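Fold and geometry: a report
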Amino acid sequence: MTTQQTVVDDAPVHVDHRARIEILIAIMLTLFLSALDQTIVGTALPRIVTDLSGNQLYVWVVTIYLLAATVSGPIYGKLSDQFGRRPMIMIGVSLFLLGSLLCGLSQEMWQLIAFRGLQGLGAGAIFPISLAIIGDLFSPRERGKYQGLFGAMFAVASIIGPALGGFLTDTISWHWVFFVNLPLGAVALVVLWRLLPSVRHPEAVRSIDYLGAAVFAAAIIPFLLGLTNKQTGDWADPLVGGLILLGVVLGAIFVWIESRAAEPIIPLELFRNRTVTGSIIATLLITFGFFGAIIFLPRWFQFVQGSSATISGYQMLPLMAGVLGSSVASGFIVARTGRYKWMTVGAMLLSSVGIFFMTGITAETPVPLVWLWMFIAGIGIGPSFAVFTIVVQSAVRPRMLGAATSALTFFRQVGGSIGLAIAGTIFGSSFTAEVPRQLADQGVPQPLIDGFANNGGNLQGELTGVGVDLGQQILNAVPAQARAVVEPFIGQIVAGIHEAFSLAIANAMWLAFVGAIAAAIVVTLMVPELVLRRTTGDADATQPEGRPTTIPAME
């Protein structure tokens, strides 16, 4: 006689409940430090580069960190599948803390940049392996509740970071924005060392794909540098289009190498799974649209509304609140129901509504209304970030969980970089085209309009700085004998430039609304739904796509 087995919570790795919670807290603490580092350093960076006389290298303090983290992430993920999560995440956290210590001790700009790269190498392990550990410790359904909390860590870091960075820099020293990581990171490291099981998969080949790792790094670095340079250059510039093309060519070589490697860094078999491939594409598109949409909002608050850098950070809180609340809530919904597809599609539709509203932003739009639009967009974005990690982890076998999670994280970062580059291009060309139109609408005389139009591509760089009086800046740039002619129109010129800036942001929003989010919805509709179970194992990776999986019956 056949009876149905009772459903129980199960996970690939078994530890007692107390140890599991302590590991979870340690993982959340390391994620918080990694997220906090990005927001806290941003506030202190102007003082840092001034003290170290490195204004011309300002951007590299951020770029080197992101490059190192992005390139190393997939490599750490694969190695954690082969050699265990504990040694890999401990290496990552240790490198992050060592980099933090050395950054705080830096006396020259080249030292800070080098040690920020070391920090990035550590950070590259933290996020993907943390998500993989959650996949190890919790059953497919239960993962949702805890991975939703990870989104909360990033939101909290976004809230605390700017204020803490400013406080430490102003009252103690900028060195402490790095030293603050050390005691908290040390606690997390001790907990992980004591409690995290060193799980290995005996069937995994103990070999490292050195060639694949080297070519992967050689492909991604020029690709990301080209996208970064696009913010100040043209697509035809060798340092933009040339680097991107080099990255694409090396990427094709990397795929060829991986197809022949015994134990590839990024297993190509992942992409034969429709659920994994669809989830990765949807995540890339969502991040593409999200970054393309929201990256300019702090500049709108600072340039058009006159907010300080710190205040503009807090004006982003409605967006973060939406992301935080919906990310946590979606995790609990998935844990309770085991389903996610239509919730994710509905969330993306909601985010498209919020971004659609933002396509109507002008210089006169009330700030509370912009907050409302941001909150709506955030509610829609939150589940997308949380749920696709659960989906990918449930669609692969435990031995590939680290590689799959890091691949998803990698394409999320690449999507953000591509979205920023393309949105920046749309913003720049729109701003240049709109300035003459908006000045004419404000009644500025044509000779003055022609003077701005003749500046062409220099408009964005010269007129969109923050923290200065724009009207006074324009007057200072006018020859002394012509100031009496220009001064009566300064108010109208400033109003026209602010409106052109706002409309350029609105045009960038259309990229996110029409292109990225709409495409992500279509892709998500095509992704088969796996009904998440309360048990795990290799059966999870082989169940028929889109159909519930039952627990084997007992005879």
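Residues numbered from 1 in each chain as written. Predicted model: local features only at pLDDT ≥ 70, side-chain atom pairs only at ≥ 80, totals over all residues. Heavy atoms only, no water.

**Focus: the overall build of the protein**
Within the protein, the regular secondary structure consists of 22 helices and zero strands. Out of the 555 residues in the protein, the part that is buried amounts to 55%. Counting only carbon and sulfur atoms, one obtains 66% of the accessible surface of the protein, whose full area is about 22600 Å². (Helix = DSSP H or I, 4+ residues; strand = E, 2+ residues; numbered from the N terminus. Buried < 20%, exposed > 50% of the residue type's maximum accessible area, 1.4 Å probe, protein only. Areas by Shrake-Rupley, 256 points an atom, 1.4 Å probe, with all protein chains shown as cover.)

**Observations concerning the nonpolar core**
Generally speaking, nonpolar side chains in soluble globular proteins are found buried as a group. The biggest cluster of nonpolar side chains holds 136 residues, and the ones touching the most others in it are I89 and W300. Once residues lying within four places of it in the same chain are set aside, the contact partners of I89 are I27, I126, I129, S130, I133, L192 and L196. (Core = buried A, V, L, I, M, F, W, Y, C linked by side-chain atoms within 4.5 Å. Contact = heavy atoms within 4.5 Å.)

**Some remarks on the pattern of salt bridges**
Summed over the entire model, instances satisfying the criterion amount to one salt bridge. Between E434 and R437 there is a salt bridge; the shortest N-O distance is 3.2 Å. Linking E434 with R437, this pair stays in helix α16 (residues 401-441), spanning three residues, or about one helical turn. E434 sits in the buried class, given a relative accessible area of 12%. (Salt bridge = Lys/Arg side-chain N within 4 Å of Asp/Glu carboxyl O.)

**Some remarks on the packing of helix α15 (residues 367-395) against α16**
Packing of α15 against α16 brings their axes to within 9 Å, and their N-to-C directions diverge by 150 degrees. Judged by the sense of rotation from one axis to the other, the crossing of α15 with α16 is right-handed. Where α15 approaches α16, its residues F385, F388, T389, V392 and Q393 are matched on the opposing element by L401, A404, T405, L408 and R412. (Axes fitted to C-alpha atoms, helices over the stretch in contact; angles between N-to-C directions. Left-handed = near helix turned anticlockwise from the far one by under 90°.)

**Observations regarding a nonpolar patch on the surface**
Together, L350, V353, F356, F357 and W510 line one region of the surface with nonpolar side chains, adding up to about 400 Å² of accessible area. Among the elements that make up the nonpolar patch, the one with the highest residue count is helix α14 (residues 341-358) (four residues). Mapped onto the elements of the fold, L350 is located in helix α14. (Patch = residues over 30% accessible without salt bridge, like charges linked within 9 Å, V, L, I, M, F, W, Y side chains within 5 Å.)

**Things to note about helix α7 (residues 181-195)**
Along its 15 residues, α7 runs 21 Å from first to last C-alpha, staying within 8% of the 21 Å computed at 1.5 Å per residue. Listed in full, the buried residues belonging to α7 are N181, G185, A188, L189, V191, L192 and L195. For α7, the arc enclosing every buried residue in end-on projection is 165 degrees, short of the 170-degree limit, so these residues lie on one face. Across α7 from its buried face, at more than 90 degrees, point the exposed residues P183, W193 and R194. (Expected span 1.5 Å × (residues − 1). Arc of directions from axis to C-beta.)

**Comments concerning the packing of aromatic side chains**
One pass over the structure, following the stated rule, counts 14 aromatic pairs. Their ring planes at 80 degrees and their centres at 6.2 Å tell us that F431 and F501 sit as a pair that is edge-to-face. Here the residue F431 occupies a position in helix α16, and F501 occupies one in helix α21 (residues 490-526), the gap between them amounting to 70 residues. Look at F501 and you get buried, because its relative accessible area is 0%. Ring-pair connections join several aromatic residues into one group, and the members of that group are F216, F254, F271, F410 and F411. (Phe/Tyr/Trp six-rings, centres within 6.5 Å; stacked < 30°, edge-to-face > 60°.)

**Observations concerning the side chain of E258**
Relative to the assigned elements, E258 resides in helix α9 (residues 238-258). Among buried Asp, Glu, Lys and Arg side chains, E258 stands out as unpaired, with K78 the closest opposite charge at 8.0 Å. Setting aside residues up to four positions removed in sequence, E258 forms contacts with D209, G212, P264, I265, I266 and L268. (Lys, Arg positive; Asp, Glu negative; His and termini not counted.)

**Remarks on the packing of helix α4 (residues 109-137) against α16**
At a minimum axis separation of 9 Å, α4 and α16 run at an interaxial angle of 140 degrees. One way to sum up the angle between α4 and α16 is to call them oblique. Viewed along their axes, α4 and α16 form a crossing whose handedness is right-handed. Counting all contacts with α4, which are made through F127, P128, L131, A132, G135 and D136, the residues of α16 involved are L401, G402, T405, S406, T409 and R412. (Parallel < 35°, antiparallel > 145°, perpendicular 65-115°, else oblique.)

**Section: the confidence of the model for the protein**
Do not read the predicted coordinates in detail wherever pLDDT is low. Mean pLDDT for the protein: 77, with 81% of residues reaching 70 or above. At the low end of the mean pLDDT range in the protein sits helix α22 (residues 539-542), at 40; at the high end sits helix α3 (residues 85-105), at 89. This stretch, residues 1-9, has a pLDDT under 50; its non-local contacts, to residues over four places away or in other chains, come to 17 contacts. The model gives residues 536-555 a pLDDT under 50, and that stretch makes 51 contacts with residues more than four places away or in other chains. (pLDDT = per-residue confidence, 0-100.)

**Remarks on the environment of T524**
Here T524 lies in helix α21. Owing to a relative accessible area of 3%, T524 belongs among the buried residues under this scheme. Once the C-alpha coordinates of T524 and M348 are considered, the two residues, 176 residues apart in sequence, prove to be 9.6 Å apart. The contact partners of T524, leaving out residues within four places of it in the chain, are A282, K341, T344, V345, M348 and F388.

**Considering α3**
Across its 21 residues, α3 extends 30 Å between first and last C-alpha, which sits within 8% of the 30 Å expected from 1.5 Å per residue. Three or more residues of α3 are buried, namely R85, M88, I89, M90, G92, V93, F96, L97, G99, S100, C103 and G104.

**Re the environment of V478**
Examined against the element boundaries, V478 turns out to sit in the loop between α19 (470-477) and α20 (483-486). The class for V478 is buried, based on a relative accessible area of 14%. Residues in contact with V478, not counting those within four places in the same chain, are R483 and V486.

**A closer look at the environment of S94**
With respect to the element layout, S94 can be found in helix α3. For the pair formed by S94 and L189, sequence separation is 95 residues and the distance between their alpha carbons is 7.7 Å. Within polar-contact distance, the side chain of S94 engages the backbone oxygen of M90 at 2.7 Å. (Polar contact = N/O pair within 3.5 Å; in protein donor to acceptor, adjacent residues only side chain to side chain.)

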